[in-house]
Amino acid sequence: MTEETLLEAEEKMEKAVVVAKEDFAAIRTGRPGPATFNKITAEYYGTQTPINQLASFAVPEPRMVVVSPFDKSSMQAVEKAIRNSDLGVNPANDGNVIRVVFPELSEERRKEYVKLARSKAEDARVSIRNIRRHAKDSFDKSVKSGEIGEDEGHRAQEELEEITQKHVAEVDEMLKHKESELLEV
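Residue positions are given per chain, counted from 1 along the sequence in the order it is written. Totals for whole chains, interfaces and linings use every residue, but because this is a predicted model, local features are given only for residues with pLDDT of at least 70 and side-chain atom pairs only at 80 or more, for both listing and counting. With hydrogens and water stripped out, all remaining heavy atoms of the structure feed into the side-chain values.

Right, let's get into the pattern of salt bridges. By definition here, a salt bridge exists when the distance from a side-chain nitrogen of Lys or Arg to a carboxyl oxygen of Asp or Glu is within 4 Å. As enumerated under the stated definition, the model contains 11 salt bridges in all. Close ionic contact of D94 with R99 constitutes a salt bridge, the shortest N to O distance being 2.9 Å. Its salt-bridge partner being R118, residue E179 comes within 2.5 Å of it at the nearest N-O pair. Of this pair, E179 sits in helix α4 (residues 150-183) while R118 sits in helix α3 (residues 107-145), placing them 61 residues apart in sequence. By sharing partners, the salt bridges in this structure join E122, R125, R129 and D172 into a single network. Think of it this way: any DSSP run of H or I at least four residues long counts as a helix, any run of E at least two long counts as a strand, and we number them from the N terminus.

Put into structure tokens, the structure is as follows:
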């Protein structure tokens, strides 16, 4: 019972860390890449579809990404999705490809990205803590109902706390790395 709950909590915490890693990858540091577009969706035949499933990406220059939609009929939707995203860019559509030129990262923009990264990290920490709280509630109910002993419940909570601290430390390490990347000039 306790092992199952601990394993389930650890799996969910690992998923929260993976989501945080994806969020950090979407925050541009220097050279933009396909990961910059991971969270952007466009309407394609009435369904919100991630644009990385609708197009291929090439980076011919350090600050330019060329987006080539697989289906030319989705060109307008992809262009609109990029324009309306929080990337702060104005894509240029020539009928065949969409060119996205990213502005140079100013000090002010870098600081905004650091704030965004901190916000994403805090979201991940909150998610991990919520998972811990649910697992802890499960242990408390099991102890109350007599399914497990108090000692076993206490040991399980200590182990849960160690797992939680490990995953929070992972998120903090990723945040520290992302901040140093962003603040490099």
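Picking up after the structure, the text goes on.
Okay, unusual backbone geometry next. Of note, the phi angle at Y45 is positive, near 50 degrees, even though the residue is not glycine. Judged by its relative accessible area of 66%, Y45 is exposed. Relative accessibility decides the category of a residue: with a 1.4 Å probe and only protein chains considered, values under 20% of the type maximum give buried, values over 50% give exposed, and everything between is partly exposed.

Glancing now at the packing of helix α1 (residues 2-26) against α4. Packing of α1 against α4 leaves a shortest axis separation of 10 Å and a crossing angle of 10 degrees. Put simply, α1 runs roughly parallel to α4. The classification used treats Ala, Val, Leu, Ile, Met, Phe, Trp, Tyr, Cys and Pro as nonpolar, Asp, Glu, Lys and Arg as charged, and all other residues, Gly among them, as polar. Of the residues that constitute the contact of α1 with α4, the class distribution is 12 nonpolar, three polar and nine charged. Every axis corresponds to a line fitted to the C-alpha atoms, with the helix fit spanning only the stretch in contact, and the corresponding angles, defined between N-to-C directions, vary from 0 to 180 degrees. Each angle gets one of four labels, with under 35 degrees taken as roughly parallel, over 145 as roughly antiparallel, 65 to 115 as roughly perpendicular, and the rest as oblique.

What follows deals with helix α2 (residues 75-84). Side chains of residues three or four places apart in an α-helix project in the same direction, reflecting 3.6 residues per turn. Of all the positions in α2, only M75, V78, E79, A81 and I82 are classed as buried. Projected down its long axis, α2 shows its buried positions confined to an angular sector of 160 degrees, all on one face. Exposed side chains of α2 directed beyond 90 degrees from the buried face belong to Q76, K80 and N84. Packing partners of the buried residues in α2 comprise β1 (41-44), β4 (64-69), β5 (92-93) and β6 (98-101). Picture the helix axis, draw a direction to every C-beta atom, and the arc is the one those directions span. The contact criterion used throughout is that any non-hydrogen atoms of two residues lie within 4.5 Å.

Under the domain assignment, the protein is made up of domain 1 (1-27 + 106-183) and domain 2 (34-101). Each domain's extent was defined by an automatic or database domain assignment. Between domain 1 and domain 2, the C-alpha centre-to-centre distance is 32 Å. Of the residues lining the interface, six residues belong to domain 1; the matching set on domain 2 comes to six residues. Around 410 Å² of area is buried between domain 1 and domain 2 when both sides are counted, 42% of it from carbon and sulfur atoms. Of all residues in domain 1, A25, A26 and R109 give up the largest surface area on contact with domain 2, accounting jointly for 63% of the area buried on that side. Linking domain 1 to domain 2 there are zero salt bridges. We define buried area as the total accessible area lost by two parts upon association, computed with a 1.4 Å probe and summed across both.

We now examine the packing of α3 against α4. Axis separation between α3 and α4 bottoms out at 10 Å; the angle between their running directions is 175 degrees. When the axis of α3 is compared with that of α4, the two are roughly antiparallel. A per-class count over the contact of α3 with α4 returns 16 nonpolar, four polar and 12 charged.

At least two bridges found by DSSP between two strands are what make those strands a pair. Overall, antiparallel pairing links the four strands, which are arranged β3-β4-β6-β5 in an open sheet. With partners counted over all chains shown, the strands left at the sheet margins are β3 (55-61) and β5, one partner each. Pairing geometry for β4 and β6, over four bridges, is antiparallel. In the strand pairing of β6, M64 is matched with V101. α2 rests against β4, β5 and β6 of the sheet, and its axis sits at about 10 degrees to β6.

Alternating residues of β6 divide into I98 and V100, all buried, and R99 and V101, none buried. One ladder, built from two bridges, connects β5 with β6; its direction is antiparallel. Residue pairing across strands places N93 opposite I98, the latter belonging to β6. Counting the residues between successive antiparallel strands, the hairpin from β5 to β6 contains four residues, one of them, G95, with a positive phi of roughly 100 degrees.

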